[in-house]
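Below are the chains, spelled out letter by letter.
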2 protein chains.
Amino acid sequence: MNTAIILAGGVGSRMGVDKPKQYLIVNEKPIIVYCLEIFEKHSEIDKIVIVVSDEWKDYVEENVKKYGISKVCGYAPAGKTRQHSIFNGLKSAEENAPDTKVCIVHDAARPLVSDKIISDCIIGATEDDGAMPVITVKDTVYQSKDGKSIDHLLKRSELFAGQAPESFDFKKYLDIHNSVSDDEIASTAGSSEIAYRHGMNIRLVEGSERNFKITTVEDLETFETIINS
Amino acid sequence: MNTAIILAGGVGSRMGVDKPKQYLIVNEKPIIVYCLEIFEKHSEIDKIVIVVSDEWKDYVEENVKKYGISKVCGYAPAGKTRQHSIFNGLKSAEENAPDTKVCIVHDAARPLVSDKIISDCIIGATEDDGAMPVITVKDTVYQSKDGKSIDHLLKRSELFAGQAPESFDFKKYLDIHNSVSDDEIASTAGSSEIAYRHGMNIRLVEGSERNFKITTVEDLETFETIINS
């Protein structure tokens, strides 16, 4: 069984608006619904867990009902960091979708993920221990321990920017979260990072520029343009 | 003497338009002119060298005259890579501004660089061997030698995305270019990279999101919005 964990706990402060970005309305539909519909329709996804802050839970539940998102099997509260939210989602999946073999963690604010990326991630988590879509890094990235002068060069060809969804062997990934300290979860910058650090083999699959996270007003405008074209 | 080398050799193929992006007109003025005016007005910049492809040279010269960019002392032909263009600019500066102590290399398509960034870069090239404005890296960046699975984690706090302008001790930087192979110049991804690799101490100074390079249609729209606000 493959279970999607949709992260909708973010507060969206970077948008300069009160509403978290995943709840903004585009063509009369909240952005999170665009995302949920993709997983609802994907034949390899069996269940969906939604991680949502308390104040938005009723709103999300209403929309899940309104748009017929039938795979939702549970909700989990937002955590203090993204990785804590993921851990909450994992615990909800353990309870509400106990046969889960692969979990696939996605951001509600990435409503343009393709079916192929989802499928590739599921294959990766089955054949390896997990998978993550990546795109090339456009910036010239320099490394500096003190932030004052360059102290290491990185080869751009070896650098990859991680996107979501990230998929994992559910049991291995949950076990890691159950065994590490709260501090380690808090300091995890990427969900594949904690997996790799604890010995999981994470496959890189081809991401897409289109699979961007809606963070800024420009991102929102791009999404609207794509949806209307 | 501080000499700016303005790179305008790019062909702009990513814009999906025929015209290189630095020559697009915003409010009746080519983007390159916005950039040149900043260096023209900056009290610490003495001379300007423009790197430009042959077919655009007359156009640039006309605009330099029209907008009174009096510090221009020379032109250099575009090279086959950005770093080759920089080398051509260095050679032109050596010939046309022989007293240059600090060279400051900027992209014509970054027309919103602040006076402070330019000043900070000049100080950095005087006190250290060079300086580069940087911003934090927003992506979660993973390292993979084969592009198939993660094989190294990078600390986001130690990663910096390089912007322009990059400033250098002119003599040291020119000597490096005169001594290395053409292949090494061709494979240089960032202008500070080749400097660091050959022992120059490159200071990181605070860049700005506003100092973006106009690459996409969205970037162009952002520039227009800022200019009109």
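Our subject is the structure listed above.
Residues numbered from 1 in each chain as written. Chains lettered and ligands numbered in written order. Predicted model: local features only at pLDDT ≥ 70, side-chain atom pairs only at ≥ 80, totals over all residues. Heavy atoms only, no water.

Participant: Looking at this model, I keep getting lost on the side chain of Asn88 of chain B. Mind explaining?
Facilitator: Here Asn88 of chain B lies in helix H3 (residues 82–96). Ignoring anything within four residues of it in the chain, the contact list for Asn88 of chain B reads Ala76, Pro77, Ala78 and Gly79 of chain B. (Helix = DSSP H or I, 4+ residues; strand = E, 2+ residues; numbered from the N terminus. Contact = heavy atoms within 4.5 Å.)

Participant: Just checking my understanding: could you explain the packing of aromatic side chains for this structure?
Facilitator: The geometry of an aromatic ring pair is captured by two quantities: the separation of the ring centres and the angle between the planes. Taken as a whole and assessed by the stated rule, the structure comprises 10 aromatic pairs over all chains. With 4.2 Å between their ring centres and 15 degrees between their planes, Tyr23 of chain A and Trp56 of chain A make a pair best called stacked. Of this pair, Tyr23 of chain A sits in the loop between strand S1 (2–8) and strand S2 (25–26) while Trp56 of chain A sits in helix H2 (residues 54–66), placing them 33 residues apart in sequence. As far as the burial class goes, Tyr23 of chain A and Trp56 of chain A line up, both buried. When the ring of Trp56 of chain B is compared with that of Tyr59 of chain B, the centres are 5.3 Å apart and the planes differ by 80 degrees; the resulting orientation is edge-to-face. Note that Trp56 of chain B and Tyr59 of chain B are positioned in helix H2 (residues 54–66) at a spacing of 3 residues, about one turn of the helix. Members of the aromatic cluster, joined through ring pairs, are Tyr23, Trp56 and Tyr59 of chain A. Above the ring of Tyr34 of chain A, the side-chain terminus of Lys29 of chain A is found at 4.5 Å from the ring centroid. A cation over an aromatic ring shows up here: Lys91 of chain A above the ring of Phe87 of chain A, its NZ or CZ 4.2 Å from the ring centre. (Phe/Tyr/Trp six-rings, centres within 6.5 Å; stacked < 30°, edge-to-face > 60°. Buried < 20%, exposed > 50% of the residue type's maximum accessible area, 1.4 Å probe, protein only. Lys NZ or Arg CZ within 6 Å of the ring centre and 35° of its normal.)

Participant: Is there a simple way to think about unusual backbone geometry in this case?
Facilitator: Negative phi is the rule for most residues except glycine; trans is the rule for most peptide bonds. All names here are of chain A. With an omega of 0 degrees, the peptide bond running from Ala164 to Pro165 counts as cis. Within the secondary structure layout, Pro165 lies in the loop between strand S10 (159–162) and strand S11 (166–169). Of note, the phi angle at Glu28 is positive, near 70 degrees, even though the residue is not glycine.

Participant: Which parts of the structure should I look at to understand the interface of chain A and chain B?
Facilitator: Note: interface size is frequently given as the accessible area lost on complex formation between the parts. Chain A puts 40 residues into the contact, and the matching count from chain B is 40 residues. Surface buried jointly by chain A and chain B totals about 3,200 Å² across both partners, of which 59% is contributed by carbon and sulfur atoms. Across the chain A-chain B interface, the total number found is 2 salt bridges. For Lys145 of chain B, the salt bridge identified is with Glu158 of chain A, shortest N-O distance 3.8 Å. The interface formed by chain A and chain B holds 14 residue pairs in polar contact (both at pLDDT 80 or more) in total. Elements that contribute at least two residues to the side of chain A that touches chain B include exactly strand S8 (141–143), strand S9 (152–153), S10, helix H7 (191–197), strand S12 (202–206) and helix H8 (217–228) of chain A. Its residues assigned to classes, the side of chain A that touches chain B shows 14 nonpolar, 13 polar and 13 charged. Here S10 of chain A pairs with strand S8 (residues 140–143) of chain B via 4 bridges, running antiparallel. (Buried area = accessible area lost by both parts, 1.4 Å probe. Salt bridge = Lys/Arg side-chain N within 4 Å of Asp/Glu carboxyl O. Polar contact = N/O pair within 3.5 Å; in protein donor to acceptor, adjacent residues only side chain to side chain. Nonpolar A, V, L, I, M, F, W, Y, C, P; charged D, E, K, R; others polar. Pairing = 2+ DSSP bridges.)

Participant: Just checking my understanding: could you explain the relation of the copies chain A and chain B for this structure?
Facilitator: Least-squares fitting of chain A to chain B yields an RMSD of 0.0 Å, with the transformation described by 0.0 Å of translation along the axis and a rotation of 180 degrees. Taken together, the rotation and translation describe the operation of a two-fold axis. No C-alpha of chain A approaches the rotation axis more nearly than that of Glu218 of chain A, which lies at 3.9 Å. The fraction of interface residues of chain A whose copies in chain B are also interface residues reaches 100%, indicating that both copies meet through the same surface. (Least-squares fit on C-alpha atoms with pLDDT ≥ 70 in both.)

Participant: Would you explain the packing of helix H3 (residues 82–96) of chain A against helix H5 (residues 170–179) of chain A in this entry?
Facilitator: Helix-helix packing: each pair is described by the crossing angle between the helix axes and the interaxial distance. Residue and element names in this part refer to chain A. Between H3 and H5, whose axes approach to 10 Å, the crossing angle comes to 125 degrees. On the basis of the axis angle, H3 is oblique to H5. The interaxial crossing formed by H3 with H5 has left-handed handedness. For the pair H3 and H5, the contacting residues are Gln83, Ile86, Phe87, Leu90, Ala93 and Glu94 in the first and Phe170, Tyr173, Leu174, His177 and Asn178 in the second. Residues belonging to the contact of H3 with H5 are distributed by class as follows: 7 nonpolar, 3 polar and 1 charged. (Axes fitted to C-alpha atoms, helices over the stretch in contact; angles between N-to-C directions. Parallel < 35°, antiparallel > 145°, perpendicular 65-115°, else oblique. Left-handed = near helix turned anticlockwise from the far one by under 90°.)

Participant: Just checking my understanding: could you explain the pairing of strand S6 (residues 102–107) of chain B for this structure?
Facilitator: Looking down a regular strand, the side chains alternate between one sheet face and the other. Residues and elements named next belong to chain B. Across the 6 residues of S6, 6 count as buried, placing the element largely inside the fold. Residues Val102, Ile104 and His106 line one face of S6 and the alternating positions Cys103, Val105 and Asp107 line the opposite face, and both faces are buried. Direction of pairing for strand S1 (residues 2–8) relative to S6: parallel, over a ladder of 6 bridges. By the bridge assignment, Ala4 is partnered in S6 with Ile104. Pairing geometry for S6 and strand S11 (residues 166–169), over 4 bridges, is antiparallel. When the sheet's bridge partners are listed, Val102 is paired in S11 with Asp169.

Participant: Would you take a moment to explain the side chain of Gln163 of chain A for this structure?
Facilitator: Residue and element names in this part refer to chain A. Along the chain, Gln163 turns up in the loop between S10 and S11. In this structure the side chain of Gln163 is engaged in a polar contact, spanning 3.1 Å, whose partner is the side chain of Asn211. Setting aside residues up to four positions removed in sequence, Gln163 forms contacts with Arg110, Met132, Pro133, Ile135, Gly207, Ser208, Glu209 and Asn211.

Participant: Any chance you could explain a negative patch on the surface here in plain terms?
Facilitator: Taken together, the side chains of Glu218 and Glu221 of chain A together with Glu218 and Glu221 of chain B make up a negatively charged region of the molecular surface. Those elements that place two or more of their residues in the negative patch are H8 of chain A together with helix H8 (217–228) of chain B. Residue classification places Glu221 of chain A among the partly exposed residues on the basis of a relative accessible area of 43%. (Patch = residues over 30% accessible without salt bridge, like charges linked within 9 Å, V, L, I, M, F, W, Y side chains within 5 Å. Areas by Shrake-Rupley, 256 points an atom, 1.4 Å probe, with all protein chains shown as cover. Lys, Arg positive; Asp, Glu negative; His and termini not counted. Charge placed at Lys NZ, Arg CZ, Asp CG, Glu CD.)

Participant: I tried to follow the environment of Val137 of chain A on my own but got confused; where do I start?
Facilitator: Among the structural elements, Val137 of chain A can be located in the loop between strand S7 (130–136) and S8. Relative accessible area serves as the criterion here: at 5%, Val137 of chain A is assigned to the buried category.

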